[in-house]
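The residues making up each chain are set out below.
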Amino acid sequence: MPAPKVRLVSHRKNIHGWPTDSISIDFYKGEADNVDASPSQNKCKPNLILIFIPGNPGLIEWYSDTLVKIVEQLGVGYAVRGISYAGHGAGDDVIGSADDHKHSFVNTSGHQDVVGTKMSVCWTIEGQIKHKLSWVDDVIEEWKVEFRTSSQPTAELPRLIFVSHSFGAYLVQHMLLRRPALLQQTQQIIHLMPFIRFDPPPLQKTVLSKLAHSYEYTIPMLSNSVWALTSTLPRKLIDIYLNKVVGLECDKGRKITLDVCTHPNMIRNHLILGFEEIRELPELTNVSYFLKQ
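Attention here is on the structure that accompanies the text. This one's a predicted model, so the numbers in the text were calculated from it and none came from an experiment. (Residues numbered from 1 in each chain as written. Predicted model: local features only at pLDDT ≥ 70, side-chain atom pairs only at ≥ 80, totals over all residues. Heavy atoms only, no water.)

## Digging into the sheet that holds strand β4 (residues 78-83)
Here six strands make up an open sheet; going across it, the order is β1-β2-β4-β3-β5-β6 and the pairing mixed. The open sheet has two edge strands, β1 (5-15) and β6 (186-192), and neither has a second partner. Going across the sheet, the axis of each strand differs from the next one's by a mean of 15°, ignoring polarity. Of the strands in this sheet, β1, β2 (18-28), β3 (48-53), β4 and β5 (159-165) are in contact with helix α5 (residues 125-147), which crosses β3 at around 160°. Contacts from helix α6 (residues 168-178) reach β3, β5 and β6 within the one sheet, and its direction differs from that of β5 by about 145°. (Pairing = 2+ DSSP bridges. Helix = DSSP H or I, 4+ residues; strand = E, 2+ residues; numbered from the N terminus. Axes fitted to C-alpha atoms, helices over the stretch in contact; angles between N-to-C directions. Contact = heavy atoms within 4.5 Å.)

Take a look at the structure:
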């Protein structure tokens, strides 16, 4: 019998009321290249699942190739589940329609007022935390369906390793504080370049804080400026710039970046959440807060 092979499967599911892109990376017995050739019963049971939460902009496609290589190096018994942020991706179903954006943004006089709108899931930290918790619940339920059989109805749940990038670290911290049972199931937490507090050099801090607190004016200006620039330049020229100047050599990564930069509503989703990060994250980590949880 051939050795198990790794296969990546992409999904677009409704998570916490929002169409969301996610990925599953598993070892499969037999041929793993063809999705239809490897039904779920050929999936190798993982004992450890890496739960990956990206930074902002939260596009899981940027990380998928690297995550596949990590699973291949770790070997059978490991798997990965990764997710994009609510409102981050391509297509109006994912980023919200023009009417959704116009209604929510125009009727928001202060950043807290957005909570009552449809866009609150992708525009607020609270919405993104709830979105990720709903997804983790789905991941665990799917594992139960696939691997708890009549002969093993109480099979022990897999251990989890949370891996995050940038602002994803802040989301993971608060997810685990809210769910003690989830924290108990977690074997390890790995934060890559974590963004859990906001305390840059004074000048940078002043400028960013002013931009973030004036978001009703700065976000339309910034998102429209980026869109105007990317929509007037030939796509091929931007691709060359990303490759030769920025150093983004991955063809897949450049395509995703182009898709993001050429849609003003995706840019807006990224900026609104990013500016809330600047407003809400503390200058210093509140250790006493974590000890109380």
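## Some points on the pattern of salt bridges
One pass over the full model with this rule turns up 18 salt bridges. For aspartate 199, the salt bridge identified is with arginine 197, shortest N-O distance 3.7 Å. Taking the relative accessible area as the measure of exposure, arginine 197 reaches 39% and is therefore partly exposed. Residues aspartate 251 and arginine 254 are paired through a salt bridge, measuring 2.6 Å at the closest nitrogen-oxygen approach. Taken together, the positions of aspartate 251 and arginine 254, both in helix α11 (residues 251-261) and three residues apart, correspond to about one turn of that helix. For arginine 254, a relative accessible area of 6% translates into the label buried. The network of salt bridges with shared partners includes Asp26, Lys43, Arg81 and Glu146. (Salt bridge = Lys/Arg side-chain N within 4 Å of Asp/Glu carboxyl O. Buried < 20%, exposed > 50% of the residue type's maximum accessible area, 1.4 Å probe, protein only.)

## Some words on helix α10 (residues 235-246)
An ideal rise of 1.5 Å per residue puts 16 Å on twelve residues; α10 measures up with 15 Å between its terminal C-alpha atoms. At its buried positions, α10 is contacted by α9 (215-232) and α11. A positive phi of about 90° marks glycine 247, the residue just after α10. (Expected span 1.5 Å × (residues − 1).)

## Here we look at the packing of aromatic side chains
All told, the structure shown has four aromatic pairs when counted by the stated rule. Taking 4.7 Å as the distance between ring centres and 55° as the angle between the ring planes, the aromatic pair formed by phenylalanine 52 and tyrosine 63 counts as tilted. Here phenylalanine 52 is found in strand β3, whereas its partner tyrosine 63 is found in the loop between β3 and α1 (64-74), with eleven residues between them in sequence. Like phenylalanine 52, the residue tyrosine 63 is buried in the burial classification. Here phenylalanine 167 and tyrosine 170 contribute two aromatic rings whose centre-to-centre distance is 5.5 Å and whose plane-to-plane angle is 15°, an arrangement assigned as stacked. You can call phenylalanine 167 buried: its relative accessible area is 0%. Through successive ring pairs, a cluster of aromatic residues spans Phe167, Tyr170 and Phe195. It is arginine 7 that lies over the ring of tyrosine 28; its NZ or CZ is 3.9 Å from the centre. A cation sits over an aromatic face here: arginine 279 above tyrosine 215, 5.0 Å from the ring centre. (Phe/Tyr/Trp six-rings, centres within 6.5 Å; stacked < 30°, edge-to-face > 60°. Lys NZ or Arg CZ within 6 Å of the ring centre and 35° of its normal.)

## Observations regarding the pairing of β4
Of all six residues in β4, five are buried; the element is thus mostly enclosed. Relative to β4, β2 runs antiparallel, the two sharing four bridges. Bridge pairing in β4 places serine 24 opposite arginine 81. Examined bridge by bridge, β3 and β4 share five bridges and lie parallel to one another. Paired with leucine 48 across the two strands is tyrosine 78, which belongs to β4. Considered for its hand, the β-α-β crossover made up of β3, α1 and β4 is right-handed. (Right-handed = clockwise from strand over helix to strand, strands pointing away.)

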